[in-house]
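Overview (structure and organization)
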Amino acid sequence: TRQLSAMVGAGVPLLRSLTSLEKHAEDPMLKKILADVIKSVEGGTSLAGALQKHPNTFNDIYVNMVRAGEAAGILDDILKRLAFQQEKSAAIRKKIKSAMAYPLVLIVITTLAFFGLMLFVIPQIGKILNDLGGPDAELPGITLFMLAISGIITNFWYIIIPVLIAAIYVLIRYIKTPKGKRRFDSLVLKIPGIKTIVKKVAVARFARTFSALMGAGVAVLECLEVTSRAVGNTLYTEALLEAAKEVKNGKALSAVIEKNELFPAIVGQMLAVGEETGQTDTVLVKVADFYEDEVDLAIESISSIIEPAMIVLMGSMVGLIAASVMTPIAQLSQNIQ
């Protein structure tokens with residue numbers, strides 16, 4: 001996107017620019033897509049129309065902004081905006097993924113360690129305790145509890161593990177359905193700590209995307225419709241589509257947004273300033289910058305909480321197993337004395 005912007009801005013014809021990009025593209029998939037785009041443009045299709053044939057690579061926002069840039073004759077400027085917007089979005093995604101990677105690795109390790117202990121270690125310890133204390137030895141409740149769990153997992157692992165895998169698969173498939181995604185998005189907005197990050201990410205995406213489309217000269221109603229598909233949360237999508245209906249009926253967007261609890265008050269206030277000054281896109285860029293910084297801080301703070309929480313969880317599991325082993329050994333040693 002940046003390279004195309006530079007070439008178009010320098011006065012290089014569009015087809016020659018695209019051919020140069022296709023020739024030097026390192027990614028084979030991108031090379032194939034660019035070859036198809038060139039073919040479509042040579043056939044008389046607009047650049048936006050050619051890009052629209054590849055929705056997995058060029059989303060609605062990209063296509064609409066390019067279309068607006070072509071119509072206004074400012075394609076190079078629009079491509080610069082697009083490049084900047086994509087870099088910002090990629091940076092947020094990268095930070096969220098990196099923040100989630102550590103706890104996910106710990107969860108996987110903890111789960112594997114739990115099943116490993118229950119399948120291989122606890123049964124052996126139970127056998128040793130029975131050998132030392134005899135079949136009539138009275139074991140503590142915590143030890144009996146751990147042995148019971150171990151016995152269930154050891155005897156029925158071939159049922160438990162497939163059922164767990166199937167349950168995870170069904171849950172993922174359900175979340176991908178419209179109804180499941182809405183429920184999941186609603187649940188996420190109720191979890192303390194997580195909901196703050198989700199709201200700030202959604203608001204930052206709304207502000208960045210809406211400002212980019214407005215700056216490209218796209219109509220407000222179309223901006224709202226396209227932006228609603230880019231925020232990443234079903235509840236925000238519904239809120240923006242509802243806002244589009246109210247704007248169509250003559251209400252100011254700032255007034256509609258200000259009434260919605262999903263959006264912080266500052267968003268409505270800044271929109272009102274933008275509407276009064278005619279600089280909505282500029283004002284919303286400031287909002288996007290502010291909330292992207294807030295997302296960074298929120299991710300850092302939750303990451304600092306997750307690490308000790310996971311250590312406590314793993315320590316508790318190890319402590320529980322240690323207590324279930326050491327308590328009966330201590331009792332047995334007293335009996336021997």
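Everything in this summary refers to the structure shown in the same document. (Residues numbered from 1 in each chain as written. Predicted model: local features only at pLDDT ≥ 70, side-chain atom pairs only at ≥ 80, totals over all residues. Heavy atoms only, no water.)

**Description of the overall build of the protein**
- Helix and strand counts for the protein come out as 14 helices and 0 strands.
- Counting helices and strands in the order they occur from the N terminus, the protein gives α-α-α-α-α-α-α-α-α-α-α-α-α-α.
- The C-alpha atoms of the protein give 29 Å as radius of gyration, which overshoots the globular expectation for 337 residues (20 Å, by more than 25%).
- Looking at the protein residue by residue over its 337 residues, the buried ones come to 36%.
- Intrachain contacts of the protein at a sequence separation of at least 6 include 58% that bridge at least 24 residues. (Helix = DSSP H or I, 4+ residues; strand = E, 2+ residues; numbered from the N terminus. Rg over C-alpha atoms; globule rule 2.2 N^0.38 Å. Buried < 20%, exposed > 50% of the residue type's maximum accessible area, 1.4 Å probe, protein only. Contact = heavy atoms within 4.5 Å.)

**Quick word on the packing of aromatic side chains**
- Counted by the stated rule, this structure contains 7 aromatic pairs.
- Here the aromatic rings of Phe 58 and Tyr 62 are separated by 5.1 Å at their centres, their planes lie at 55°, and the arrangement is tilted. Neither residue differs from the other here; Phe 58 and Tyr 62 are each classed as buried.
- For the ring pair Phe 114 and Phe 115, a centre distance of 5.8 Å and an interplane angle of 80° mean the geometry is edge-to-face. (Phe/Tyr/Trp six-rings, centres within 6.5 Å; stacked < 30°, edge-to-face > 60°.)

**Focus on the layout of surface pockets**
- There is about 950 Å³ of room inside the largest pocket.
- Together, 24 residues line the largest pocket, and Ile 96, Met 100, Phe 184, Val 188 and Val 198 are the ones closest to its centre.
- Mapped onto the lining of the largest pocket, the elements with two or more residues apiece are helix H6 (75–133), helix H8 (178–188), helix H9 (194–215) and helix H14 (280–336).
- A per-class count over the lining of the largest pocket returns 17 nonpolar, 2 polar and 5 charged. (1 Å grid on protein atoms, 1.4 Å probe; cavity = no way out; pocket = protein on both sides within 12 Å on 5 of 7 lines; lining within 4 Å. Points joined across faces, edges and corners; volume = space filled by probe spheres on them. Nonpolar A, V, L, I, M, F, W, Y, C, P; charged D, E, K, R; others polar.)

**Concerning the environment of Ile 194**
- For Ile 194, the location among the structural elements is in helix H9.
- Expressed as a C-alpha distance, the spacing of Ile 194 and Ala 298, which sit 104 residues apart in the sequence, is 9.0 Å.

**Description of the nonpolar core**
- If you look at the biggest cluster of nonpolar residues, it comprises 59 residues, and the most contacted ones within it are Leu 47, Val 66, Phe 206, Phe 263 and Val 267.
- For this core, the element with the highest residue contribution is H9, accounting for 8 residues.
- Excluding anything up to four places from it in sequence, Val 267 contacts Val 203, Phe 206, Ile 257, Val 287 and Tyr 291. (Core = buried A, V, L, I, M, F, W, Y, C linked by side-chain atoms within 4.5 Å.)

**Side note on empty space enclosed by the protein**
- Counted under the stated rule, the structure contains 1 cavity of 30 Å³ or more.
- Every residue lining the largest cavity is listed: Ile 122, Ile 125, Gly 126, Leu 129, Thr 143, Met 146, Leu 147, Ser 324 and Val 325.
- If you list the elements that add at least two residues to the lining of the largest cavity, you get H6, helix H7 (141–176) and H14.
- The biggest single contributor to the lining of the largest cavity is H6, with 4 residues.
- When its residues are assigned to classes, the lining of the largest cavity shows 6 nonpolar, 3 polar and no charged.

**Some thoughts on a nonpolar patch on the surface**
- Taken together, the side chains of Ile 152, Phe 156, Trp 157, Tyr 158, Ile 159, Ile 161, Val 163 and Ile 165 present a nonpolar region at the surface, about 790 Å² in accessible area.
- On the accessibility criterion, Ile 159 (43% relative accessible area) is partly exposed. (Patch = residues over 30% accessible without salt bridge, like charges linked within 9 Å, V, L, I, M, F, W, Y side chains within 5 Å. Areas by Shrake-Rupley, 256 points an atom, 1.4 Å probe, with all protein chains shown as cover. Salt bridge = Lys/Arg side-chain N within 4 Å of Asp/Glu carboxyl O.)

**Remarks on the side chain of Thr 280**
- Secondary-structure assignment places Thr 280 in helix H14.
- On the accessibility criterion, Thr 280 (10% relative accessible area) is buried.
- Excluding residues that lie within four positions of it along the chain, Thr 280 makes contacts with Phe 210, Met 214, Leu 271, Gly 274 and Glu 275.

**So, the packing of helix H2 (residues 14–24) against helix H3 (residues 28–42)**
- Contact geometry of H2 with H3 gives a least axis separation of 9 Å together with a crossing angle of 160°. Taken as axis vectors, H2 and H3 run roughly antiparallel relative to one another. In this structure, the crossing between H2 and H3 has a hand that is left-handed. Of H3, the residues touching H2 (which contributes Leu 15, Leu 18, Thr 19, Leu 21, Glu 22 and Lys 23) are Lys 31, Leu 34, Ala 35, Val 37, Ile 38, Val 41 and Glu 42.
- For the contact of H2 with H3, the class distribution of residues is 8 nonpolar, 1 polar and 4 charged. (Axes fitted to C-alpha atoms, helices over the stretch in contact; angles between N-to-C directions. Parallel < 35°, antiparallel > 145°, perpendicular 65-115°, else oblique. Left-handed = near helix turned anticlockwise from the far one by under 90°.)

**Some remarks on the environment of Val 12**
- Inspection of the secondary structure puts Val 12 in the loop between helix H1 (2–9) and H2.
- Judged by relative accessible area, which is 24%, Val 12 ranks as partly exposed.
- Sequence-distant contacts of Val 12, that is, excluding residues within four places in its chain, are made with Met 7 and Ser 17.

**A word on the pattern of salt bridges**
- By the definition in use, this model includes 13 salt bridges.
- A cluster of three or more residues bridged by salt bridges with shared partners is formed by Lys 88, Arg 208, Asp 289 and Glu 292.

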